[in-house]
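Single-letter residue listing:
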Amino acid sequence: MSSINLTPQRSETKLVPSLSFIIVFVVVMVAGAFAFLSFMPLILPPEASTQAQEVDRIFGFMLFIGALVFMLVQGLLVVSVVRWRARPGDRGDGPPIHGNTTLEAVWTAIPAVIVTVIAIYSFTVWQNTRVIAFGEQSVGAIGARYAWTFNYTISQDDLPAGIDFNALKPEIQADLTDEDGVITFSATKLYTWVGQPVVVRMDAADVNHAFWIPAMRVKQDVLAGRTTEIRFTPTMAGSFRVVCAELCGAGHGNMAGELVTDPATGEQYLTGAWVIVYETEEEYLSQFFEPTATTNLLPPDDPVLVGRQILASGKYPCNTCHVLADLNWVGVVGPSLNGIGDRADERAAAGGDADATAYLIHSIRHPGDWLVPGFGNLMPQFNADSDQTNYMPDSDLNAIVAYLLAQTAAAQASAGSTTN
Ligand code: CUA
């Protein structure tokens, strides 16, 4: 005989699950939290600086804790719903539960410990990402509605090796010797290179902005009337977005800039050519020197052109006595150099020199040994030792000889047909 049980029944399910159930539950929750971490690279910009590595480590740590708490709360909810659900015919109430002081102390203590650990860890990362590095490249940044401008300064030490200070443009000389001792130039991009610590010193031209390079994981307010700084060391070559992160007006959304990290730029810098913003060393130097000085500083590879530059520069006074159409020399005291390349062999034979090159070298080092018929012994002797008068180094001599050998009637005719 069946009867309907109308008295309330209590669920028979145990309140505390078995140890093996708890172990499986915890393992699944921790695995779930790690699964969250695996999505991290998908939601972040490239990790392109040493600071980004540190920031991402703490971000991962906090994401893991957050994911674990999420998994535990949701997991307990699911387990409770399934395990302690009302069975068919179960009309009873749950067991009465009173306060549990131990449990409350535990769930108060755990968040307190977590927050303290995160606070200490964050402070450490904050300090580490702001350490002043040795050999920092200092760049100025100006935030103005709605663009970024970067200012680079160079001192005399930053000029490429072997540059003659006196050959610099007068205004550059003045800038390098005034109280700042630097030249400043501006660019619309922030240029640096992989492995170079950078400090950006930021000023606002109008309202407040915020300087943010997501890939470097650095962001700092740019405040009117105060200079703020950020530091980063790029670890990845490429071009990265600079973003304004402070609502500054109607064009705020377009206030983007660009950071360019080029490994080659650093190499060029370290080998002496201070090339940051300029494509070529010539372009960089051209702002410091008059064009002719630039070519003298950066001699061409062809010795003929080097020789021509040396003679055209007036370093040696050959023009006062010789005729040479190519350089517009009109001296008449010495023999003409027009077509000397055609005659040098013949002269070598007449004077007892091995070949045309030997003849020209002999004629410059010891001009009195063999005179061109009809001319007196008037030419100064150009010496190979730096402690002698009329010093002419071998490098100059060889280039001049190469140039003179190229002065043939044929070369002159072809030059004449194009230039005259
Ligand atoms: Cu500048 Cu927003």
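As shown above, the structure is provided for reference.
Residues numbered from 1 in each chain as written. Predicted model: local features only at pLDDT ≥ 70, side-chain atom pairs only at ≥ 80, totals over all residues. Heavy atoms only, no water.

What follows concerns the overall build of the chain. In terms of regular secondary structure, the chain is built from 13 helices and 12 strands. A burial count over the chain gives 34% of its 420 residues as buried. Surface accessibility of the chain: about 24,700 Å² in total, with carbon and sulfur atoms responsible for 60%. (Helix = DSSP H or I, 4+ residues; strand = E, 2+ residues; numbered from the N terminus. Buried < 20%, exposed > 50% of the residue type's maximum accessible area, 1.4 Å probe, protein only. Areas by Shrake-Rupley, 256 points an atom, 1.4 Å probe, with all protein chains shown as cover.)

Turning to the packing of aromatic side chains, a few remarks are in order. With the rule as written, the count across this model stands at seven aromatic pairs. Residues F36 and F70 carry aromatic rings whose centres are separated by 5.8 Å and whose planes lie at 75° to one another, so their mutual orientation is edge-to-face. Of the two residues, F36 sits in helix α1 (residues 19–37) while F70 sits in helix α3 (residues 50–83), which places them 34 residues apart along the sequence. Residue class for F36 comes out partly exposed when judged on its relative accessible area of 35%. Between F61 and Y121, the aromatic rings sit 5.4 Å apart at their centres with planes inclined by 65°, giving edge-to-face as the arrangement. Linking F61 in helix α3 with Y121 in helix α4 (residues 101–128), this pair joins segments that are 60 residues apart in sequence. Take F61: its relative accessible area is 28%, and that puts it in the partly exposed class. Ring pairs connect the aromatic residues W148, F150 and F211, which therefore count as one cluster. The ring centre of W212 lies 4.6 Å from the NZ or CZ of K219, which sits over that ring. (Phe/Tyr/Trp six-rings, centres within 6.5 Å; stacked < 30°, edge-to-face > 60°. Lys NZ or Arg CZ within 6 Å of the ring centre and 35° of its normal.)

Let us now look at the sheet that holds strand β8 (residues 228–232). The strand order across the open sheet formed by five strands is β3-β2-β1-β5-β8, and the pairing between neighbours is mixed. Strands with a single pairing partner mark the edges of an open sheet, and in this sheet they are β3 (183–187) and β8. Here the average twist between neighbouring strands, direction ignored, is 30°. Where strand β5 (residues 198–204) meets β8, five bridges bridge the pair, whose relative direction is antiparallel. Within β8, the position partnered with V199 by the bridge is R231. (Pairing = 2+ DSSP bridges. Axes fitted to C-alpha atoms, helices over the stretch in contact; angles between N-to-C directions.)

Here we come to the pairing of strand β9 (residues 238–244). Across two bridges, strand β6 (residues 209–213) lies against β9 in antiparallel orientation. Residue pairing across strands places F211 opposite C244, the latter belonging to β9. Bridge count for β9 against strand β10 (residues 256–261) is six bridges, and the pairing is antiparallel. Each residue of the ladder has a partner; that of V243, found in β10, is A256.

Let us now look at a negative patch on the surface. A surface patch of like charges, here negative, comprises E171, D175, D178, E179 and D180. Of note, E171 is situated in helix α5 (residues 170–177). (Patch = residues over 30% accessible without salt bridge, like charges linked within 9 Å, V, L, I, M, F, W, Y side chains within 5 Å. Salt bridge = Lys/Arg side-chain N within 4 Å of Asp/Glu carboxyl O. Lys, Arg positive; Asp, Glu negative; His and termini not counted. Charge placed at Lys NZ, Arg CZ, Asp CG, Glu CD.)

Before going further, it helps to spend a moment on empty space enclosed by the protein. This model, assessed by the stated rule, comprises one cavity of 30 Å³ or more. Estimated volume of the largest cavity: approximately 40 Å³. Classifying every residue of the lining of the largest cavity by side-chain character gives two nonpolar, three polar and one charged. (1 Å grid on protein atoms, 1.4 Å probe; cavity = no way out; pocket = protein on both sides within 12 Å on 5 of 7 lines; lining within 4 Å. Points joined across faces, edges and corners; volume = space filled by probe spheres on them. Nonpolar A, V, L, I, M, F, W, Y, C, P; charged D, E, K, R; others polar.)

The subject of this paragraph is the packing of helix α9 (residues 303–312) against helix α12 (residues 394–405). α12 packs onto α9 with a crossing angle of 105° between their chain directions and a minimal axis gap of 7 Å. For the element pair α9 / α12, the angle class is roughly perpendicular. Contacts between α9 and α12 pair P303, V304, V306, G307, R308, I310 and L311 from the former with D396, A399, I400, A402 and Y403 from the latter. Among the residues forming the contact of α9 with α12, the class breakdown is nine nonpolar, one polar and two charged. (Parallel < 35°, antiparallel > 145°, perpendicular 65-115°, else oblique. Contact = heavy atoms within 4.5 Å.)

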